[in-house]
Amino acid sequence: MVWNTVTDLDHLTQALARNLKHLRAERGFTLDALAARAGVSRGMLIQIEQARTNPSVGTVVKIGDALGVSITSLLDFDQEPQVRLVPPEQAVRLWSTEAGSHSTLLAGTEAPGPLELWHWKLAPGDASSSDPHPLGTTELVHVTTGTLVLEVDGDVYTVPAGTSACFESHVPHGYRNDGPESVEMTMAVSVPAPR
């Protein structure tokens, strides 16, 4: 989703602030404890909880990992009822480039641990890298268009259209498009339940 109005962005900022406060309190983390676990400054956490900033995707991922929840839980406006439909206009675009590459969080859940469903598009020449996720995190990728270059812990894999890949993502990893056409893929990310 492209945020066309201040209202949409404000709504997301407020949801993030409310959910971060709730999840941090629920786990009994002080600001300092969460900052240390997430590798994010205490000041940044305060700004997020007061809805005074729009953090980067990387910061939101680090906070979610430290809390043991998906990005969906941090950005979710409402987690009721048992069946939740997510219309296209509510999908959240979290990363994009001027070339037209983007990742969109389609849906997510917390049972038994965080599980996220994504749609990605990588324009020719674009790439996205990720820091390691918590131990036990698994990613499933299915390429529908183009040829994805998948790098996992320094090893490079070529994933053509129609091919799927599964890997443990507790190591550095990234996605790249070295080809002449856009790469489109669907990704599921499963994070282990907090201990």
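Provided above is the structure to which this section pertains.
Residues numbered from 1 in each chain as written. Predicted model: local features only at pLDDT ≥ 70, side-chain atom pairs only at ≥ 80, totals over all residues. Heavy atoms only, no water.

1. Concerning the side chain of Asn 19
Consideration 1: Relative to the helices and strands, Asn 19 resides in helix α1 (residues 6-27).
Consideration 2: The residues contacting Asn 19, other than those within four sequence positions of it, are Ser 73, Leu 74, Leu 75 and Asp 76. (Helix = DSSP H or I, 4+ residues; strand = E, 2+ residues; numbered from the N terminus. Contact = heavy atoms within 4.5 Å.)

2. What about the side chain of Ser 103?
Consideration 1: Tracing the backbone shows Ser 103 in strand β2 (residues 102-109).
Consideration 2: Setting aside its immediate chain neighbours within four residues, Ser 103 contacts Val 92, Arg 93, Leu 94, Trp 95, Trp 118, His 119 and Trp 120.

3. Topic: the sheet that holds strand β4 (residues 127-130)
Consideration 1: Here four strands make up an open sheet; going across it, the order is β4-β9-β6-β7 and the pairing antiparallel. Looking along the sheet, the strands with just one partner apiece sit at the ends: β4 and β7 (155-160). The average angle at which neighbouring strand axes cross in this sheet is 15°, direction not considered.
Consideration 2: Alignment of β4 against strand β9 (residues 173-176), held across four bridges, turns out to be antiparallel. The residue of β9 that forms the bridge with Ser 130 is His 173. (Pairing = 2+ DSSP bridges. Axes fitted to C-alpha atoms, helices over the stretch in contact; angles between N-to-C directions.)

4. Here's the deal with the nonpolar core
Consideration 1: Judged by nonpolar contacts, the single largest core of 41 residues is most densely connected at Ile 63, Leu 67, Leu 148 and Tyr 175.
Consideration 2: If near-sequence neighbours (up to four positions away) are discounted, Ile 63 is found in contact with Leu 20, Ala 38, Val 40, Leu 45, Ile 48 and Leu 74. (Core = buried A, V, L, I, M, F, W, Y, C linked by side-chain atoms within 4.5 Å. Buried < 20%, exposed > 50% of the residue type's maximum accessible area, 1.4 Å probe, protein only.)

5. Description of unusual backbone geometry
Consideration 1: Positive phi, normally seen in glycine, also occurs at Ala 51, with a value near 55°.
Consideration 2: If you trace the backbone, Ala 51 turns up in the loop between α3 (42-49) and α4 (57-67).
Consideration 3: According to the relative accessible area criterion, Ala 51 is partly exposed, its value standing at 21%.
Consideration 4: With phi around 55°, Asp 153 is a residue other than glycine that occupies positive phi space.
Consideration 5: Relative to the assigned elements, Asp 153 resides in the loop between β6 (147-152) and β7.

6. Remarks on the pairing of β6
Consideration 1: Both β6 and β7 contribute to a ladder of six bridges, which runs antiparallel. By the bridge assignment for β7, Thr 147 is matched with Pro 160.
Consideration 2: The antiparallel pairing of β6 with β7 creates a hairpin that spans two residues between the two strands, and Asp 153 there sits at a positive phi of about 55°.

7. A few points about helix α2 (residues 31-38)
Consideration 1: Listing the buried residues of α2 in full gives Leu 31, Leu 34, Ala 35 and Ala 38. With its buried residues spanning 105° around the axis, α2 presents them on a single face. Looking at α2, the residues exposed on the side facing more than 90 degrees away from the buried face are Ala 36 and Arg 37.
Consideration 2: Downstream of α2 by one or two residues, Gly 39 has phi in the positive range, about 70°. (Arc of directions from axis to C-beta.)

8. Structural notes on the layout of surface pockets
Consideration 1: What the largest pocket holds in volume is close to 620 Å³.
Consideration 2: Lining of the largest pocket is provided by 31 residues; of these, Val 61, Ile 71, Ser 130, Asp 131 and His 133 occupy positions nearest its centre.
Consideration 3: Looking at the lining of the largest pocket, the elements that each hand over two or more residues are α2, α4, β3 (115-122), β4, β9 and β10 (183-190).
Consideration 4: When its residues are assigned to classes, the lining of the largest pocket shows 15 nonpolar, 10 polar and six charged. (1 Å grid on protein atoms, 1.4 Å probe; cavity = no way out; pocket = protein on both sides within 12 Å on 5 of 7 lines; lining within 4 Å. Points joined across faces, edges and corners; volume = space filled by probe spheres on them. Nonpolar A, V, L, I, M, F, W, Y, C, P; charged D, E, K, R; others polar.)

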